[in-house]
Each structure stands twice: as C-alpha cells, then as structure tokens.
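# Close look at the chain arrangement
Take a look at the letters that make up each chain.
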Amino acid sequence: EPEVTQTPSHQVTQMGQEVILRCVPISNHLYFYWYRQILGQKVEFLVSFYNNEISEKSEIFDDQFSVERPDGSNFTLKIRSTKLEDSAMYFCASRLEAHGYTFGSGTRLTVV
Amino acid sequence: RKEVEQDPGPFNVPEGATVAFNCTYSNSASQSFFWYRQDCRKEPKLLMSVYSSGNEDGRFTAQLNRASQYISLLIRDSKLSDSATYLCVVNSGGYQKVTFGTGTKLQVIP
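We now turn to the structure provided with this report. Please read all numbers here as calculations on a predicted model, not as lab measurements.

## What about the interface of chain B and chain A?
Each side of the interface is counted separately: chain B has 17 residues, and chain A has 23 residues. Summed over both sides, the interface of chain B with chain A buries roughly 1,700 Å², with 57% coming from carbon and sulfur. Looking at the side of chain B that touches chain A, the elements that each hand over two or more residues are strand 4 (33-38) and strand 10 (98-100) of chain B. Here the side of chain B that touches chain A is composed, by residue class, of eight nonpolar, five polar and four charged.

## A few points about the sheet that holds strand 3 (residues 19-25) of chain B
Residue and element names in this part refer to chain B. Across the sheet, five strands lie side by side as 1-3-8-7-6; this open sheet has antiparallel pairing. Where the open sheet ends on each side, the last strands, each with one partner, are strand 1 (4-6) and strand 6 (55-57). In this sheet, adjacent strand axes meet at a mean angle of 20° when their direction is disregarded. The pairing of strand 7 (residues 60-65) with strand 8 (residues 70-75) spans six bridges and is classified as antiparallel.

## A look at the sheet that holds strand 1 (residues 5-7) of chain A
All names here are of chain A. Spatial strand order, 1-3-8-7: four strands in an open sheet with antiparallel pairing. Two strands in the sheet have a free side with no partner beyond their single neighbour: strand 1 and strand 7 (65-68). Along the sheet, successive strands turn relative to each other by an average axial angle of 20°, direction set aside. Pairing between strand 7 and strand 8 (residues 75-79): four bridges, direction antiparallel. If you follow E68 over to strand 8, its bridge partner there is T76.

## A look at the side chain of B:T104
Residue and element names in this part refer to chain B. Along the chain, T104 falls in strand 11 (residues 104-109). Here D7 takes part through its backbone oxygen, which lies 2.5 Å from a polar atom of the side chain of T104. Ignoring sequence-local partners within four residues, the contact set of T104 consists of Q6, D7, P8, F11, F21, A84, T85 and Y86.

Scoring rules and cut-offs
Residues numbered from 1 in each chain as written. Chains lettered and ligands numbered in written order. Predicted model: local features only at pLDDT ≥ 70, side-chain atom pairs only at ≥ 80, totals over all residues. Heavy atoms only, no water. Contact = heavy atoms within 4.5 Å. Buried area = accessible area lost by both parts, 1.4 Å probe. Helix = DSSP H or I, 4+ residues; strand = E, 2+ residues; numbered from the N terminus. Nonpolar A, V, L, I, M, F, W, Y, C, P; charged D, E, K, R; others polar. Pairing = 2+ DSSP bridges. Axes fitted to C-alpha atoms, helices over the stretch in contact; angles between N-to-C directions. Polar contact = N/O pair within 3.5 Å; in protein donor to acceptor, adjacent residues only side chain to side chain.

Read these as layout, nothing more, since geometry by itself doesn't imply function.
Below you can see the structure in the form of structure tokens.
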C-alpha cells in the first residue's frame, strides 16, 4: 500500500534554531498538507498546498513557517526560529481529489 | 458551537459489545466526512469515509444526518484491537482544509 514518508521521526532542536521537516507524499496525489498535534491535544491544520502554491493556511501558520515542494517528490515544512510551543508531532498528509487523507507517521519535534 | 465536537469518552466496553459514537459539526456547507482511528502516539489512519446514504465496512457502520449536522460510527462485535481514539474529520467547505474533532477514546476490555 502506498505510503507517505516523513523524516526524521524525531528531531530535537534548540529554541531559536531553524528546522526543516521532510515528507515524501504518495506519488500520484495532488494535494499536500501539514498538520500538527501537541501532546494530548487535537490534530490541527497548518497549511494545504496544491499546484505548487499554498491554497489555505491557518492562523498557526505565521511568518515563521514556510513550505516548499522543491523537486516534485519532496514536500518540506520549515520553521525559521523555533519556539518552545512549537513542540508537537507534525504530520504530513496527501490525497487525491475527494478521497480521504493519507498521513505520514509524523515527526516528533522537541524544542528545548 | 465548536466546528467539530465529539464526546472525549473514554468508552469502556466489553469484547463483543456494540458501541456508537456521534460527532456534530457546525458548518452546514461541509461536504466531506471521515472517521479516522489514532493509536497512541501514532498517525491518524483513515477508517472510512461517510456517505450521505450511510455505509458499512465489515463491523463498522457510518451514518450522516445532514439535517441535524452529525455523523455517527457504530462498531459491532468489538475486538480488543479496536481500542484506540476515533477522530471525526469534517471538511470546512471545499476540499482544502479539514477540521478534526478532539477524538473519542475507546477501550475494549477482555
């Protein structure tokens, strides 16, 4: 079964540092997403990406965040200057039109 | 009213029992509805989409009530392996963004 692959599985970073979370969506999927889940809380939408541009973003997705699809297979989330409250599980997801989302196994980001 | 609301539970049920969860949503323009399952510290996994006419997949039945703006999930003959958090997921109009409920925790007891 096709998978969404995320790397690394766990990243520890110091406050103020930049991090890049990587995702390889399913190859024929058209829509790409980042979600996050703070421990014990619900899954929250960050951003959606279609046709090489951001199609929607939440209030969480401020100027510190950016996304890229640099080469047609990878989909990255960059956090420019991490804060303690950015510590969460970050899930990448992809889907075809009108189908459910397939999530990657997540990157656990710990900001210290 | 929250965009997507679920009873957090936990629902503790014996093996073999039937259990049902409801989820209400606030946006009447929502078009797509899903149930996901999430095991502890794992990613959400699609359990089933929810169609207007209701749909069944083995022991699982999903229903949509547009008039009252809720969806439901029924699990028959519960197994120990059904223990997980069940997430109600609703799109917010268009396909770009979905909103997750906080999840309902199910614990199936031997």
